[in-house]
Amino acid sequence: MPDVFWLWAGLPTTLQDALLALALLAPGLVAGIVVLRGLSPWPLVRAMLGRFSAANVVFVALIAISVGIGVGLTAQERGLRQGSALAAEKFDLVVAAPGSEITLMLAAVYLQPSDVPLVSGAQYAEIAATERVSLAAPIAFGDSHDGAPVVGTTADFVAHLSGGLAEGRLFETAEEAVAGAYAPVALGEALTPEHGHGPTAEDESHADFAYTVTGRMAPTGSPWDRAILVPVEGVWAVHGLADGHAPENAGRIGPPFDPDYFPGTPAVLVRSDELWAHYGLKSRFTRPDLMAFFPGTVLAQLHVIMGDVRAAMSLLAVVTQVLVTVAVLAGLMILTRIFARGLALLRALGAPLRYVFAVVWGYSAALILVGALAGLVVGLAAASVLSRMVTARTDVLVSATLGWPELHLIAGFVSLTLLLALLPAWSAVRRPIVPDLRA
Amino acid sequence: MPATAASECPGLALSVTDLRVAAPGGRLLLSLPGLDLPAGRSLAVRGPSGAGKSTLLHALAGLLTDVEGAVRWGETDLLSLTDPARAAFRRARVGLVFQDFLLFEELGAEANAALAAGFAPASQRAAIRQRARSALDRLGLGGTSGRLAASFSDGERQRIAIARALAHDPAVILADEPTASLDRAAADRLIDDLVALSREDGRTLVVVSHDPALTERLDQSVEIVDGHLREGHHA
Ligand SMILES: Nc1ncnc2c1ncn2[C@@H]1O[C@H](COP(=O)(O)OP(=O)(O)OP(=O)(O)O)[C@@H](O)[C@H]1O
Ligand SMILES: [Mg+2]
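Okay, so let's go over this structure. Here the residue numbering is sequential within each chain, running from 1 through the sequence in written order. Ligands are numbered from 1 and chains lettered from A, in the order in which they are written. Whole-chain, interface and lining totals are the exception, using all residues; otherwise, since this is a predicted model, local features are given only for residues with pLDDT of at least 70 and side-chain atom pairs are given and counted only at 80 or more. Hydrogens and waters are ignored; side-chain quantities use all the structure's heavy atoms.

**A look at the overall build of chain A**
Helix and strand assignments come from DSSP, with helices taken as H or I runs of at least 4 residues and strands as E runs of at least 2, each series counted from the N terminus. Along chain A, the regular secondary structure elements total 15 helices and eleven strands. Over its C-alpha trace chain A gives a radius of gyration of 31 Å, far above what one expects of a compact globule, namely 22 Å for 439 residues. The dimensions of chain A, computed from C-alpha atoms along their principal axes, are 105 × 55 × 35 Å. Relative accessibility thresholds used throughout: buried, under 20% of the residue-type maximum; exposed, over 50%; partly exposed, between the two (1.4 Å probe, protein chains only). The burial tally for chain A puts 49% of its 439 residues in the buried class. It only takes one pair of heavy atoms within 4.5 Å for two residues to be counted as in contact. Within chain A, contacts between residues at least 6 apart in sequence are counted, and of these 77% link residues at least 24 apart. Note on areas: these come from Shrake-Rupley sampling with a 1.4 Å probe, and a residue is covered only by the protein chains present in the view. Carbon and sulfur atoms form 66% of the exposed surface of chain A, whose accessible area is close to 20,000 Å². Residues counted as positive are Lys and Arg, residues counted as negative are Asp and Glu, and His and the chain ends are not counted. In plain terms, the charge of a residue is placed at NZ if it is Lys, CZ if Arg, CG if Asp and CD if Glu. Averaging the coordinates of the 25 positive side-chain charges in chain A and doing the same for the 35 negative ones gives two points 30 Å apart. The quantity called the radius of gyration is restricted to C-alpha atoms. Its globule counterpart is 2.2 Å times the number of residues to the power 0.38.

Here it is in C-alpha cells:
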C-alpha cells in the first residue's frame with residue numbers, strides 16, 4: 001500500500017490529474033462500452049433526438065446551465081485567487097508602522113485608500129541601511145488624478161514593478177511621472193494631482209503643481225496599472241512638506257533621504273536580492289514600533305479564511321449538481337415514456353432487450369454529453385465575462401481558464417449521470433409491450 | 001385445401017388450441033377452443049369492434065403474458081417460450097403490420113422499412129436492407145427512400161410498414177387492421193399487394209379487420225364476436 005502511495009506521489013501532477021479525470025470518467029465509459037458493444041442504435045437515437053426536439057433542447061440547456069455554473073464558479077474562484085496573488089508578487093516585504101496588515105496590504109498592493117500611521121525618517125533610514133536590503137522604496141498614496149491613484153515612490157521601485165517600461169523613460173525630477181499601463185493619461189501630458197480619491201477628492205487642491213508624464217509601465221496585472229507613479233518628493237512637495245532632502249540637496253530625487261527632512265511614508269517596500277534574506281528582514285522589523293509582513297502570506301491567509309467559504313460554496317455546487325442529477329434522471333424517465341410506443345414497436349418486431357436498452361441509454365447519453373460539453377462552454381464564457389468585470393472594477397487581472405478541477409467536475413457529473421441513465425433504460429424495457437403498443 | 005407440400009412452402013402452419021386470454025383484472029377477453037391455418041395460406045379475422053381481434057393477433061405474435069393454451073407455429077410452441085425466445089422468434093419469423101403504421105417519423109422510408117437491420121445479426125443486415133428496398137420498389141415507393149416518413153400520405157405510410165414487415169423475409173405476416181385509415185380504393189389496393197406479396201413467397205398471412213370485403217380476398221376467414229369464435233370458410 002505505501003508503495004502504491006509513493007508511486008502515485010511520484011507521478012507528475014498533470015499525470016495525476018489526467019488519471020483522476022480518467023478514473024472519474026471510467027464508470028460511465030465502462031457502462032457505455034458494455035451497453036453499446038456490438039450494437040449501433042444511433043439511427044434511432046438520432047430519430048429520438050429529432051422528435052420533440054424542443055424538449056430535448058430544454059433538457060440539454062438544463063444540463064448545460066447547471067454544469068456551466070459549476071465550471072464557471074470553480075474557474076472564476078481559482079482565477080480570482082491566482083490573479084490577486086499575482087498582483088502581490090512584486091511586493092516581497094512591506095514594512096510599516098504597526099497596524100492592520102490586511103489594511104496595509106490592501107492599501108499598498110491593491111491601492112485601496114486608507115489612513116495609516118507613517119514610518120518616520122529615522123526608521124526609514126534604518127531600514128534602507130540594513131544589510132542585504134537592495135530596495136527600500138517609500139510608497140506614499142492618497143492623491144489621485146481623474147480617478148486614478150497618484151502614488152509617490154522611487155524610480156527603482158517603478159523599474160522593479162514594471163520590469164522595464166513599455167515606452168518613454170523613468171521620472172528624473174519631482175515634476176515628472178510614469179503612467180501605469182492603463183492610466184488615463186498620455187505620454188507628455190501634464191497632470192494636476194487632487195487630494196484624496198473619488199468624489200471627495202478636492203479638485204484644484206494642488207492646482208499650482210503639475211507632473212509631466214515621461215513614461216508608461218508595461219502591464220503588471222495589478223491595480224498599479226491604473227495608477228500614476230510619481231517621485232515621492234513630488235507628493236511631499238504638493239502637500240507643503242519637506243521633500244526628504246536637506247536644502248543643499250534641493251532638486252535631488254530618490255534615496256538616500258535625509259531623516260531630518262523626511263515627512264514620513266505609510267509603507268516601505270523592502271526587497272533583498274537574496275530570497276532567503278527576506279525572512280530575516282521580516283523578523284528584524286517586526287517589533288513594537290514597526291511591523292513587517294509578506295503580502296503574499298497575508299493574502300494566502302485570507303484565502304485560507306475564505307477557504308471555508310469556498311468549501312461551503314463547493315458544497316452548494318455539489319448539492320446543486322446532485323439536484324440537477326436527480327432532475328436529469330426524472331427528465332430522462334419522462335422523455336423515455338414519450339417514446340414508449342416506438343420502443344414497444346421495436347420489441348413487438350422482435351428487437352432484443354439489449355438493443356432497446358442501448359437505444360434508450362444512447363439517447364440519454366447523447367443528451368448528457370451534449371449538455372455537459374455545452375456546459376463547459378457556458379461555464380468558461382460566464383467565467384470570462386465575470387473575470388473581465390472583476391478586472392475592470394479592481395484592476396486585478398483575473399483570467400479564468402479551464403483547469404483540472406473543472407474537468408474533474410464534468411467527468412464526475414457525466415460518469416454519474418451516464419450510470420443513472422441505466423435506470424430509465426432499464427425501466428423502459430421492463431414495461432409490458434401491448435399496453436404501450438395500444439397507447 | 002390445396003395439396004401444397006409443407007416442405008415447398010416457407011410459411012408456417014398455425015395451430016391454436018384452448019387459447020384463453022384474460023385481462024389483468026381477470027375478465028376473459030378471448031376464448032378459442034381451436035384454430036388452424038395451413039402453411040402459406042391466408043386468414044381473415046373479422047368481427048365487431050371490441051370483439052378481441054387485436055387480442056388474438058397479439059396472442060399469435062407472442063406479445064401477451066396472461067395467456068393459457070397453445071399457439072403453435074410449425075413446430076414452435078410459442079407460449080412455452082421465454083420472452084427473449086419469443087422475441088427471437090418474431091425477429092426471425094414474424095412480420096407485423098399495425099393499423100396506424102407505427103413508423104419512426106424522423107427516419108427515412110428505407111430506414112423505417114429496414115428497421116430490423118438495426119438489431120439483426122450483422123450477417124443479415126445487408127440482405128434486410130436489400131429486401132426493404134425491393135419491397136418499397138414493388139409497392140411503388142422506389143426512389144423515395146430518403147424522404148422522412150412524416151412526409152408520406154397514409155396509404156404510402158402503410159406501404160412502408162408492409163415493406164418493413166417483409167424486409168426480414170418472415171414466414172408469417174400478421175396485420176392488425178392495416179387498411180383502417182385508408183379510403184376504399186387505397187384499402188383494396190393495399191390488401192391486394194399484401195396478399196400478392198405473401199402468396200408469391202408462400203408466407204402465412206393473418207389479417208385482422210372489421211372490413212367484410214376482406215373475406216373475399218383471403219383463403220379462410222373467421223369471425224370473432226365477444227371473445228368467441230364464429231367460424232366460416234370462403235371458397
Ligand atoms: N388491458 C386490458 N384490460 C381490460 N380490458 C382490455 C384490455 N385490453 C383489451 N381489453 C378489452 O378487450 C376487448 C378486446 O379488445 P381488442 O382490442 O382485442 O378488440 P378488437 O376486436 O381489436 O377491437 P377493434 O376492432 O376496435 O380494434 C375490448 O373490450 C377491450 O376493451
Ligand atoms: Mg383491434
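**Concerning the pattern of salt bridges**
Here, a salt bridge means any Lys or Arg side-chain nitrogen found within 4 Å of an Asp or Glu carboxyl oxygen. A complete count under the given rule lists 27 salt bridges over all chains for this structure. Here A:Arg341 makes a salt bridge to B:Asp100, at a shortest N to O gap of 2.9 Å. On the criterion of chain membership, the pair formed by A:Arg341 in helix α11 (residues 340-348) and B:Asp100 in the loop between β6 (94-97) and α3 (109-113) is interchain, its members lying in two chains. What makes A:Arg341 partly exposed here is its relative accessible area of 24%. On the basis of relative accessibility, which here comes to 36%, the residue B:Asp100 falls in the partly exposed class. Put simply, B:Arg184, B:Asp188, B:Asp192 and B:Arg217 are held in one network by salt bridges that share partners.

**Some words on the interface of chain B and chain A**
Each partner contributes residues to the interface: chain B has 21 residues there, and chain A has 21 residues. Reported buried area values correspond to the accessible surface (1.4 Å probe) lost by two parts on association, with both partners' losses combined. A buried area of about 2,000 Å², summed over both sides, lies between chain B and chain A, and 69% of it is on carbon and sulfur atoms. By the criterion of area lost to chain A, the three top residues of chain B are B:Phe104, B:Glu106 and B:Phe119, representing 29% of everything that side buries. For the interface between chain B and chain A, the tally reads two salt bridges. Between A:Arg51 and B:Glu106 there is a salt bridge, and its shortest N-O distance comes to 3.5 Å. Any pair of N or O atoms that falls within 3.5 Å is considered a polar contact. Within protein, one atom must be able to donate a hydrogen and the other to accept it, and sequence-neighbouring residues count only if both atoms are side-chain atoms. Summed over the shared surface of chain B and chain A, the number is six residue pairs in polar contact (both at pLDDT 80 or more). Elements that contribute at least two residues to the side of chain B that touches chain A include exactly α1 (53-60) and α2 (83-93) of chain B.

**Comments concerning a nonpolar patch on the surface**
Residue and element names in this part refer to chain A. Patch construction takes residues with relative accessible area above 30% that form no salt bridge. Like charges are linked within 9 Å, and nonpolar side chains (Val, Leu, Ile, Met, Phe, Trp, Tyr) are linked within 5 Å. Together, Ile-65, Ile-69, Leu-73, Met-306, Val-309 and Met-313 give the surface a local cluster of nonpolar side chains, amounting to about 520 Å² of exposed area. Contributing elements (two or more residues each) for the nonpolar patch: α4 (53-88) and α10 (295-338). Relative to the elements of secondary structure, Ile-69 occurs in helix α4.

**Concerning the layout of surface pockets**
Only protein atoms enter the 1 Å grid, on which a cavity is a set of points fitting a 1.4 Å probe that cannot get out and a pocket is an open set with protein on both sides within 12 Å along at least 5 of 7 lines, lining residues being those with an atom within 4 Å of a point. Grid points are joined across faces, edges and corners, and a volume is the space filled by probe spheres set on the points. When its volume is computed, the largest pocket comes out at roughly 810 Å³. For the lining of the largest pocket, the elements supplying multiple residues, two or more each, are α4, α5 (101-108), α10 and α12 (353-394) of chain A. In terms of residue count, α10(A) provides more of the lining of the largest pocket than any other element does, seven residues in total. Of the residues contributing to the lining of the largest pocket, the split by class is 18 nonpolar, seven polar and six charged. Counting only domains with at least three residues in the lining of the largest pocket, you end up with domain 1 (12-86 + 305-438) and domain 2 (93-293) of chain A. In this structure, the second largest pocket occupies an estimated 660 Å³ of space. As for the second largest pocket, its lining consists of 29 residues, and the residues nearest its centre are A:Pro432, A:Ile433, A:Val434, B:Leu63 and B:Thr65. Among the elements of the structure, α14 (422-430) and α15 (433-438) of chain A together with β1 (14-22) and α2 of chain B are those that each provide at least two residues to the lining of the second largest pocket. Ranked by the residues each element gives to the lining of the second largest pocket, the list is headed by α2(B), at five residues. Classes in brief: Ala, Val, Leu, Ile, Met, Phe, Trp, Tyr, Cys and Pro nonpolar; Asp, Glu, Lys and Arg charged; the others, Gly included, polar. For the purposes of this description, domain bounds are those given by an automatic or database domain assignment.

**Notes on the packing of aromatic side chains**
All names here are of chain A. Aromatic contacts are taken between Phe, Tyr and Trp rings whose centres are within 6.5 Å, Trp giving its six-membered ring; a plane angle under 30 degrees counts as stacked, one over 60 as edge-to-face, and the others as tilted. One pass over the full model with this rule turns up 14 aromatic pairs over all chains. On the basis of an interplanar angle of 70 degrees and a centroid distance of 5.2 Å, the ring pair of Tyr-279 and Phe-294 is categorised as edge-to-face. Within this pair, whereas Tyr-279 is found in helix α9 (residues 277-284), its partner Phe-294 is found in the loop between β11 (291-293) and α10, the two being separated by 15 residues in sequence. Residue classification places Tyr-279 among the exposed positions, given a relative accessible area of 58%. Phe-294 sits in the buried class, given a relative accessible area of 12%.

In short, shape yes, function no, at least from these values alone.
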